[in-house]
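Residues per chain, in single letters:
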Amino acid sequence: MRTSEDLRKMLFDIDHRSYPAYKQTKGEYRFDGYVLSIDHVQGDPFASPSKVSVRVGAGMAGFPEDYYTASHRRVALEDDLTRRFAEAVRKNDRRDSGSGKSGLIASSRPGQEVLERTCCRVIPGSGEIIFRMEVGFPAFGRSINSKELIHMLFDLLPEYVKTALTYHEKEKSRYEDMLYLADDRLAIREALKEEGLVAFVADGAVLPRKSGVSDLPMEKAVPFKSPESLRFKLTLPHAGEISGMGIREGITLIVGGGYHGKSTLLKALEKGVYDHIRGDGREYVITENSAMKIRSEDGRCVHSEDISLFISNLPDGRDAGDFSTEDASGSTSQAANVIEAIECGTGTLLIDEDTCATNFMVRDELMQRVINKEKEPITPFIDRMRYIKDSFGISCILVAGSSGAFFGVADNIIQMDSYVPYDITDTAKTEFEKSGIRSSGISDAKEPDFSRMVSRVGIFRDKDRIKVKSHGKDGFSIDREDVDIRYLEQLADHEQTLALAQIVKLASLEIIDGNKTFRSVLDQIGQRLDKEGLETLCGRLPSCGLAKPRRQEIAAALNRCRFLRIIRK
Ligand code: ADP
Ligand code: MG
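Quick caveat: nothing in here was measured; it's all calculated off a predicted structure. (Residues numbered from 1 in each chain as written. Chains lettered and ligands numbered in written order. Predicted model: local features only at pLDDT ≥ 70, side-chain atom pairs only at ≥ 80, totals over all residues. Heavy atoms only, no water.)

Scanning the protein for helices and strands turns up 14 helices and 31 strands. Taken against the 2.2 N^0.38 rule, which gives 25 Å for 569 residues, the C-alpha radius of gyration of the protein at 26 Å falls within 12% of a compact globule. Across its three principal axes, the protein shows a C-alpha extent of roughly 85 × 55 × 40 Å. Looking at the protein alone, contacts between residues at least 24 apart form 72% of all its contacts between residues at least 6 apart. Both charge centroids of the protein, one from 82 positive and one from 89 negative side chains, sit 4 Å from each other. (Helix = DSSP H or I, 4+ residues; strand = E, 2+ residues; numbered from the N terminus. Rg over C-alpha atoms; globule rule 2.2 N^0.38 Å. Contact = heavy atoms within 4.5 Å. Lys, Arg positive; Asp, Glu negative; His and termini not counted. Charge placed at Lys NZ, Arg CZ, Asp CG, Glu CD.)

Among the 5 residues in strand E22 (residues 348–352), 5 count as buried, and that is most of the element. Alignment of strand E19 (residues 292–294) against E22, held across 3 bridges, turns out to be parallel. For Lys293, the partnering residue across the bridge sits in E22 and is Leu350. Two elements, E22 and strand E23 (residues 395–399), share 5 bridges in a ladder whose sense is parallel. In the sheet register, Asp352 faces E23, and the bridge partner there is Val399. (Buried < 20%, exposed > 50% of the residue type's maximum accessible area, 1.4 Å probe, protein only. Pairing = 2+ DSSP bridges.)

The coordination sphere of the magnesium ion (ligand 2) contains the protein donors Ser263 (OG) and Asp354 (OD), at a distance range of 2.1 to 2.2 Å. With Ser263 in helix H6 (residues 262–271) and Asp354 in the loop between E22 and helix H8 (358–361), this residue pair connects regions lying 91 residues apart in the sequence. Owing to a relative accessible area of 17%, Ser263 belongs among the buried residues under this scheme. Its relative accessible area of 56% is what places Asp354 among the exposed residues. (Donors = N, O, S within 2.8 Å, 3.2 Å for Na, K, Ca; no water.)

With that settled, consider the site of ligand 1. Near ligand 1 lie 13 residues; those nearest to it are Val222, Tyr259, Lys262, Ser263 and Thr264. In this structure, an oxygen atom belonging to ligand 1 sits 3.1 Å away from a main-chain N or O atom of Gly261. The contact in question runs from an oxygen atom of ligand 1 to an N or O atom on the side chain of Ser263, over 2.8 Å. Look at ligand 1: alone it shows 560 Å² of surface, and the protein chains cover 79% of it. Considered class by class, the residues forming the shell around ligand 1 number 6 nonpolar, 6 polar and 1 charged. (Near = heavy atom within 4 Å. Polar contact = N/O pair within 3.5 Å; in protein donor to acceptor, adjacent residues only side chain to side chain. Areas by Shrake-Rupley, 256 points an atom, 1.4 Å probe, with all protein chains shown as cover. Nonpolar A, V, L, I, M, F, W, Y, C, P; charged D, E, K, R; others polar.)

One frequently used descriptor of interface size is the decrease in accessible area upon assembly of the parts. Annotation of the protein at the domain level lists domain 1 (2–167), domain 2 (292–435) and domain 3 (453–567). A straight line from the C-alpha centre of domain 1 to that of domain 2 covers 49 Å. (Domains from an automatic or database assignment.)

With that out of the way, let us pick up the layout of surface pockets. By volume, the second largest pocket amounts to about 950 Å³. Taken together, 34 residues line the second largest pocket, and the ones lying closest to its centre are Glu116, Asn289, Lys548, Pro549 and Arg550. Secondary structure elements with two or more residues in the lining of the second largest pocket: helix H3 (71–90), helix H5 (172–195), helix H13 (518–532) and helix H14 (551–559). Looking at the lining of the second largest pocket, the element that brings in the most residues is H13, giving 9 residues. The residue inventory of the lining of the second largest pocket, partitioned by class, reads 13 nonpolar, 9 polar and 12 charged. Among the domains, domain 1 (2–167) and domain 3 (453–567) are the pair contributing at least three residues each to the lining of the second largest pocket. (1 Å grid on protein atoms, 1.4 Å probe; cavity = no way out; pocket = protein on both sides within 12 Å on 5 of 7 lines; lining within 4 Å. Points joined across faces, edges and corners; volume = space filled by probe spheres on them.)

The subject of this paragraph is the nonpolar core. Counting residues in each nonpolar core, the largest one holds 84 residues, and the members touching the most others are Phe310, Phe381 and Phe406. No other element matches helix H12 (residues 494–511), which puts 8 residues into this core. Apart from residues lying up to four places away in sequence, Phe310 is in contact with Ala335, Val338, Ile339, Phe360, Pro377, Ile378, Thr379, Phe381, Arg384 and Ile388. Leu36, Ile38, Tyr67 and Val135 belong to the second-largest nonpolar core, a separate cluster that totals 53 residues. (Core = buried A, V, L, I, M, F, W, Y, C linked by side-chain atoms within 4.5 Å.)

What follows deals with the sheet that holds strand E27 (residues 468–471). Strands sit in the order E27-E28-E29 across an open sheet of 3 strands; the sheet is antiparallel. On the outer flanks of this sheet lie E27 and strand E29 (481–484), each paired with one strand and no other. With direction set aside, neighbouring strand axes in the sheet form an average angle of 20°. The pairing of E27 with strand E28 (residues 475–478) spans 4 bridges and is classified as antiparallel. Residue pairing in the sheet places Ser470 in a bridge with Phe476 of E28. The strands touched by H12 within the sheet are E27 and E28, with E28 carrying the most contacts at an inclination of about 35°. (Axes fitted to C-alpha atoms, helices over the stretch in contact; angles between N-to-C directions.)

Quick look at the pattern of salt bridges now. For the structure shown, the criterion picks out 52 salt bridges. For Glu116, the salt bridge is made with Arg121, and the minimal N-O distance between the two is 3.0 Å. Arg121 gets classed as buried once you look at its relative accessible area, which sits at 7%. Salt bridges sharing common partners tie together Arg74, Glu78, Glu116, Arg121, Arg132 and Glu535. (Salt bridge = Lys/Arg side-chain N within 4 Å of Asp/Glu carboxyl O.)

Here we come to helix H10 (residues 385–392). For H10, every residue scored as buried is listed here: Met385, Tyr387, Ile388 and Lys389. After H10 finishes, the residue Gly393 shows a positive phi value of roughly 65°.

An order of E30-E26-E31 is seen for the 3 strands of this open sheet, with the pairing classed as antiparallel. In this open sheet, the two strands that pair with only one neighbour each are strand E30 (516–517) and strand E31 (566–567). Direction of pairing for strand E26 (residues 453–454) relative to E31: antiparallel, over a ladder of 2 bridges. The partner of Val454 across the bridge, within E31, is Ile566.

Turning next to the environment of Thr235. Topologically, Thr235 is positioned in strand E14 (residues 231–236). For Thr235 and Ala191, which are 44 residues apart along the polypeptide, the C-alpha to C-alpha distance reads 9.4 Å. Setting aside anything within four residues of it in sequence, one finds Thr235 in contact with Gly240 and Glu241.

Where like charges cluster on the molecular surface, the positive patch consists of Arg465, Lys467, Lys469 and Arg480. Tracing the sequence through the fold places Lys467 in the loop between E26 and E27. (Patch = residues over 30% accessible without salt bridge, like charges linked within 9 Å, V, L, I, M, F, W, Y side chains within 5 Å.)

On the surface, Leu366, Met367, Val370 and Ile371 cluster together to form a nonpolar patch covering roughly 380 Å² of accessible area. As for its position among the elements, Val370 is in helix H9 (residues 365–370). Looking at Val370, the relative accessible area reads 60%, which means it is exposed.

This is the structure in structure tokens:
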């Protein structure tokens, strides 16, 4: 293998030459304690930056084996190293050092969630660390400025590697705190299953965020405090005994006046499928992993979905058992969202009235009397909640401050009052009995038919040159076909969006063959990711910049691809 000195010499030789001469630097170089790999060199200073990675040997990295053997700890450690690297780079921004992307060193910048990412990998067997970044190879105009690149690769990068990617004894307690937190979160997730809970919100948790555009915790928030009757005590391996509100399997209603913290609680539960870093306030707010937010989403496309559980007698004689549209209404989009959630194996539905189609949720008695059943295609959600629980074991946590009709079907009713939850199940149930409102029956429910098949995708002109782009968290495009996923509120990071785009591409090229149901396509994607890791999405170039999405979001992304053909045979 060539050494760092070979690289240095090569760089000296090409100084001031025209930019493409950088291309010859591609390859691996041995540095002190790690290998630097220049995986791809950008074509000009304004193109997307070059891909560079380092492989830090176990001897230099030096992390104790029990920091990364268990996968939950490994992901937590990788996340921590990623944060520390980004922090080290941030303190030393060089981006004004020439034209285009000159001087850039960019790696993933995690938010509040701990996600598995391609940016940083600790190899379980060997303890080596692979860290991937983008580097803007510097230039004056279009001529090479290799002195600056030498400074970046020989002064700065070794410093970042030392600061972020090696073990520091003096920081032992910080590492341990981070790993112990990972252990404790896992313990809560396991306890949820044993106790028959779908979510846990610890006493003292801080749920509200700083602002609509900041995911940092709100300062001076009212800390969470469980009602006595719903309080669970758990003994965690490191933090010891903690207590908090346990939300049981079943139907849970969150009610209360406007501005009392209902949506804030639900949002915390939505993100509780992920783990959060120390200091976030939601460290011990845990929701079972498969919980899915359901909302209305008019304008989305629907592919051959059986939404007859909610919709029948469509006006133009269309078949709700095989419903397709390029432009769903509020209610049909929400119906499709529920059915697709069931299809992909969701355990809990999370719903907020703020983002629902009202006519999908309930219909009051007076309206039922005036508009007779034959003219109304919708069986409202309230009439199907019990069926969904009993037939599929799917729980529901529903924020509904506007209709008491839900009291009839709920197992637990929580009132938010000035950000504090109260268990009002008994009084609400009593009032419901007295009111004489009937909870309408579960009439003639038929199990949805999930046999739809994904047929071939014929959009790609040239399979070797498929352009994949992401637009923040809002969407992505493949071969210029846009996919809108802005209403997937549980996506935590734009790197998940990019991964979704790559997953759709991979599925289109290698999994979808016209003979698989939607569910088996999902299963195969999952198996592939489990077996080969996220790197399987990167092709020849294991770049940085992908974060792992859940099965729920993968299903949702596929369902929103307008170029996919899904049919019933
Ligand atoms: P609702 O859905 O009941 O109308 P929200 O959950 O939207 O109410 O909360 C209303 C406002 O109160 C939001 O601005 C939110 O940030 C703030 N808020 C929520 N929970 C707390 C809390 N525990 N402490 C302080 N402010 C909070
Ligand atoms: Mg609200």
